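# Examining the three-dimensional arrangement
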Amino acid sequence: MATEAEIEQKIKDILVADFECDAAKLTPDVNLFTELDLDSIDAVDLVVRLQQETGKKVNPESFRQIRTLRDVTDAVVKLVNGN
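Predicted, not measured: the structure shown is a model, and the values here were computed from it.

Turning our eyes to something else, we now look at the overall build of the protein. Assigned secondary structure in the protein consists of three helices and zero strands. In the protein, the succession of α and β elements from N to C terminus is α-α-α. Computed over its C-alpha atoms, the radius of gyration of the protein comes to 12 Å, within 12% of the 12 Å expected for a compact globule of 83 residues. The buried share of the protein, taken over its 83 residues, is 36%. Pairs at least 24 apart in sequence give 59% of the contacts found in the protein among residues at least 6 apart. As displayed, the protein has an accessible area near 5,100 Å², and 49% of this comes from carbon and sulfur atoms. For the protein, the separation between the mean place of its 10 positive charges and that of its 17 negative charges on side chains is 5 Å.

Okay, here's the thing in structure tokens:
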């Protein structure tokens, strides 16, 4: 099982590599949409990447309320740990 810190780092790596986000902005409370300029298509792409990384099916409903990096991390931790 990956730790929360490892999961957060992997999400940051994806955001930098796939979405050209500035690593310096990737704090837990950064807003993905207003501060990182991601849009709904980017959010779908992020879910697809997380599915590839975790090997688990992501429920899109669980990602509807996500706004911050912490929200993504929490959702992935739950997914990976089967909660």
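Next comes the rest of the description.
Non-glycine residue Glu 20 carries a positive phi angle of around 55°. Inspection of the secondary structure puts Glu 20 in the loop between α1 (4-19) and α2 (40-54). On the accessibility criterion, Glu 20 (74% relative accessible area) is exposed. Of note in this structure, Asp 37 is not a glycine but carries a positive phi near 60°. With respect to the secondary-structure elements, Asp 37 resides in the loop between α1 and α2. On the accessibility criterion, Asp 37 (62% relative accessible area) is exposed.

It is a probe the size of a water molecule, rolled over the atoms, that shows where empty space is left. The calculated volume of the largest pocket comes to roughly 310 Å³. Along its surface, the largest pocket is lined by 18 residues, and Ala 43, Val 44, Val 47, Phe 63 and Arg 64 are the ones closest to its centre. In terms of residues, the lining of the largest pocket owes the most to one element, α2, which gives eight residues. Residues belonging to the lining of the largest pocket are distributed by class as follows: 12 nonpolar, two polar and four charged.

Our next topic: α1. Here α1 contains 16 residues, and its C-alpha end-to-end distance of 21 Å stays within 8% of the 22 Å for a straight helix at 1.5 Å per residue. Those residues of α1 that fall on the buried side of the exposure criterion are Ile 7, Glu 8, Ile 11, Lys 12, Ile 14, Leu 15 and Phe 19. Take α1 and look down its axis: the buried residues cluster within an arc of 160°, on one side only. Seen from the open side of α1, the exposed residues pointing more than 90 degrees away from its buried face are Ala 5 and Ala 17. Looking at the packing, one finds that the buried side of α1 touches α2 and α3 (69-81). Backbone geometry just downstream of α1 places Glu 20 in the positive-phi region, at approximately 55°.

What follows covers the nonpolar core. Counting residues in each nonpolar core, the largest one holds 24 residues, and the members touching the most others are Ile 11, Leu 15, Leu 50, Phe 63, Val 72 and Val 76. Going through the elements one at a time, α1, α2 and α3 are the ones with two or more residues in this core. Broken down by element, the residue count for this core peaks at seven residues, all from α3.

Reading the values: the criteria
- Residues numbered from 1 in each chain as written.
- Predicted model: local features only at pLDDT ≥ 70, side-chain atom pairs only at ≥ 80, totals over all residues.
- Heavy atoms only, no water.
- Helix = DSSP H or I, 4+ residues; strand = E, 2+ residues; numbered from the N terminus.
- Rg over C-alpha atoms; globule rule 2.2 N^0.38 Å.
- Buried < 20%, exposed > 50% of the residue type's maximum accessible area, 1.4 Å probe, protein only.
- Contact = heavy atoms within 4.5 Å.
- Areas by Shrake-Rupley, 256 points an atom, 1.4 Å probe, with all protein chains shown as cover.
- Lys, Arg positive; Asp, Glu negative; His and termini not counted.
- Charge placed at Lys NZ, Arg CZ, Asp CG, Glu CD.
- 1 Å grid on protein atoms, 1.4 Å probe; cavity = no way out; pocket = protein on both sides within 12 Å on 5 of 7 lines; lining within 4 Å.
- Points joined across faces, edges and corners; volume = space filled by probe spheres on them.
- Nonpolar A, V, L, I, M, F, W, Y, C, P; charged D, E, K, R; others polar.
- Expected span 1.5 Å × (residues − 1).
- Arc of directions from axis to C-beta.
- Core = buried A, V, L, I, M, F, W, Y, C linked by side-chain atoms within 4.5 Å.

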